[in-house]
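Descriptive structure summary
For reference, the chains in residue letters:
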Amino acid sequence: ALPHGPETLNAYEAGFKADFFDNMLRLNVSAFLNKYEDILFNNTAPTVVGGVVLSANNSTPVNAGDATIKGAELEISARLAGSLQIDAALSYLDFEFTRISAPGATIPGVNLATEEPFAPKRKASIGLSYELAFRTFGKLIPRADANFQSKFFTDISNSPDGLVDGRTLVNAHLIWQSP
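These lines cover the structure that appears in this document, whether it is placed above or below. (Residues numbered from 1 in each chain as written. Predicted model: local features only at pLDDT ≥ 70, side-chain atom pairs only at ≥ 80, totals over all residues. Heavy atoms only, no water.)

1. Quick word on the side chain of Asp 66
On the secondary structure map, Asp 66 appears in strand β5 (residues 60-80). In this structure the side chain of Asp 66 is engaged in a polar contact, spanning 3.0 Å, whose partner is the backbone nitrogen of Asp 38. Discounting residues that sit within four places of it in the chain, Asp 66 has contacts with Tyr 36, Glu 37, Asp 38, Glu 96, Phe 97, Thr 98 and Arg 99. (Helix = DSSP H or I, 4+ residues; strand = E, 2+ residues; numbered from the N terminus. Polar contact = N/O pair within 3.5 Å; in protein donor to acceptor, adjacent residues only side chain to side chain. Contact = heavy atoms within 4.5 Å.)

The structure is reproduced here in structure tokens:
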């Protein structure tokens, strides 16, 4: 076990949420800026003391340095022609190390260009549904969705083994609601 200090975060966010056209259109927009000092990440490199590997398995929290995370999100939801619903979302996330600490430098591969793990830069989604009402049968609601997510790494070292490629998923389903 190695000692580490706390991480400090100053977080700033601005945005708005609004409904338009008699609640037929909803718009949510936000942007944020997070400034970290002594951000904590796990060092998963083997523990080596005096040239001797003490443990091949490691998950030691270390104050890796300072970082800035900024991003923006947009969500839109619209009810068109009464029964037609469309919704969409976009997000952007940018992580940047601004300083690498001495403990952070012990993590293999960590440098000022390192990407934050589990944090895709871009995400987007769109969905479409239509409600069909029947007098005695109830309602049928077909829905289709598409979701995109850019690549990301699963480890702070940004190793090729930890790379998750970007992807787009498309789903469709049919809902029946009884009368």
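Back to the text.
2. A few points about the pattern of salt bridges
Per the counting criterion, the structure on display carries 8 salt bridges. Salt bridges here are not isolated pairs; linked through shared partners, they connect Asp 38, Asp 66 and Arg 99. (Salt bridge = Lys/Arg side-chain N within 4 Å of Asp/Glu carboxyl O.)

3. Things to note about the pairing of strand β1 (residues 8-20)
In this structure, β1 lies alongside strand β2 (residues 25-43), joined through 13 bridges in antiparallel fashion. In the strand pairing of β2, Leu 9 is matched with Tyr 36. Taking the residues that link successive antiparallel strands as the turn, the β1-β2 hairpin has 4 residues, and the phi of Phe 21 there is positive, at about 50°. (Pairing = 2+ DSSP bridges.)

4. Observations regarding unusual backbone geometry
Within the chain, Asp 38 stands out as a residue other than glycine whose phi angle is a positive 55°. Along the chain, the position of Asp 38 falls in strand β2. Since its relative accessible area comes to 29%, Asp 38 is described here as partly exposed. Positive phi is not limited to glycine here, since Phe 118 has a value of about 60°. Within the secondary structure, Phe 118 is located in the loop between β6 (84-100) and β7 (122-130). (Buried < 20%, exposed > 50% of the residue type's maximum accessible area, 1.4 Å probe, protein only.)

5. A word on the nonpolar core
Counting 12 residues, the largest nonpolar core consists of Tyr 36, Ile 39, Phe 41, Val 62, Ala 64, Ala 67, Ile 69, Phe 95, Phe 97, Ile 107, Val 110 and Ile 156. Of all the elements in the fold, those that place two or more residues in this core are β2, β5 and β6. Sort the elements by how many residues they give to this core and β5 lands first, with 4 residues. With residues near it in sequence (within four places) discarded, Phe 95 still touches Ile 39, Phe 41, Ala 67, Thr 68, Ile 69, Thr 114, Glu 115 and Glu 116. (Core = buried A, V, L, I, M, F, W, Y, C linked by side-chain atoms within 4.5 Å.)

6. Quick word on the pairing of β6
The pairing of β5 with β6 spans 16 bridges and is classified as antiparallel. Note that in β6 the partner of Thr 68 across the bridge is Glu 96. The turn linking β5 back onto β6 is made up of 3 residues, and Ala 81 within it adopts a positive phi angle of 55°. Bridging between β6 and β7 involves 9 bridges; their strand directions are antiparallel. Its bridge partner lying in β7, Ser 91 is registered against Lys 123.

7. Some thoughts on a nonpolar patch on the surface
A surface patch of nonpolar side chains, amounting to about 500 Å² of accessible area, comprises Tyr 130, Leu 132, Phe 134, Phe 137 and Trp 176. Counting through the fold element by element, Tyr 130 comes out in strand β7. (Patch = residues over 30% accessible without salt bridge, like charges linked within 9 Å, V, L, I, M, F, W, Y side chains within 5 Å. Areas by Shrake-Rupley, 256 points an atom, 1.4 Å probe, with all protein chains shown as cover.)

8. A short note on the environment of Leu 54
By the element assignment, Leu 54 lies in strand β4 (residues 52-55). Of the residues examined, Leu 54 reaches a relative accessible area of 57% and is grouped as exposed. Not counting the four nearest positions on each side in its chain, Leu 54 is found in contact with Thr 47 and Val 49.

9. Describing the packing of aromatic side chains
Aromatic ring pairs are reported here in terms of the distance separating the ring centres and the angle at which the planes meet. Taken as a whole and judged by the stated rule, the model has 7 aromatic pairs. Considering the side-chain rings of Phe 41 and Phe 95, the 6.2 Å spacing of their centres and the 80° angle between planes classify their relative orientation as edge-to-face. Taken together, the residues span a long stretch of sequence, with Phe 41 in strand β2 and Phe 95 in strand β6 at a distance of 54 residues. Comparing Phe 41 with Phe 95, the two get one shared label, buried. Here the aromatic cluster, defined as three or more aromatic residues joined through ring pairs, consists of Phe 41, Phe 95 and Phe 97. (Phe/Tyr/Trp six-rings, centres within 6.5 Å; stacked < 30°, edge-to-face > 60°.)

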